[in-house]
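Breakdown of the fold
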Amino acid sequence: MSTSRGNFSPEFREQMVELYLSVKGRKNLSQVARENGIGAETLRNWVGTG
């Protein structure tokens, strides 16, 4: 399956980072990513650059 880069809006990225930070300690990054249909590495990159 091929995907193209940049399919997520800046607003969505920000929401996902905020969501992850709000549940950090109760859920890990992989769980948050999986539950929201994004790759763990993608979320990790957003958190690292956010």
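Residues numbered from 1 in each chain as written. Predicted model: local features only at pLDDT ≥ 70, side-chain atom pairs only at ≥ 80, totals over all residues. Heavy atoms only, no water.

**Examining the nonpolar core**
Here is a general trend for soluble globular proteins: nonpolar side chains tend to be buried in one another's company. What counts, and what does not: What is meant by a nonpolar core is a set of buried Ala, Val, Leu, Ile, Met, Phe, Trp, Tyr and Cys residues, joined one to another through side-chain atoms within 4.5 Å. The classification of residues rests on relative accessible area computed with a 1.4 Å probe and restricted to protein chains. Under 20% of the type maximum is buried, over 50% is exposed, and intermediate values are partly exposed. Every helix listed is a DSSP run of H or I at least four residues long, and every strand listed is a run of E at least two residues long, numbered separately from the N terminus.
The biggest cluster of nonpolar side chains holds 10 residues, and these are Met16, Val17, Tyr20, Val23, Leu29, Val32, Ala33, Ile38, Leu43 and Trp46. Only helix H1 (10-23), helix H2 (29-35) and helix H3 (40-49) provide two or more residues apiece to this core.

**Digging into the confidence of the model for the protein**
Defined as follows: What pLDDT expresses is the predictor's confidence in each residue, scored from 0 to 100.
Mean pLDDT for the protein: 89, with 84% of residues reaching 70 or above. Mean pLDDT across the elements of the protein bottoms out in H3 (93) and peaks in H2 (97).

**Thoughts on the packing of aromatic side chains**
The condition that has to hold: Here is the rule: rings of Phe, Tyr and Trp (six-membered ring for Trp) pair when centre to centre is within 6.5 Å. Planes less than 30 degrees apart are stacked, more than 60 are edge-to-face, and the remainder are tilted.
In the structure shown here, the tally under the stated rule is 3 aromatic pairs. Between Phe8 and Trp46 the ring centres are 5.3 Å apart and the planes differ by 80°, which places this aromatic pair in the edge-to-face class. Within this pair, whereas Phe8 is found in the segment before H1, its partner Trp46 is found in helix H3, the two being separated by 38 residues in sequence. Judged by its relative accessible area of 10%, Trp46 falls in the buried class.

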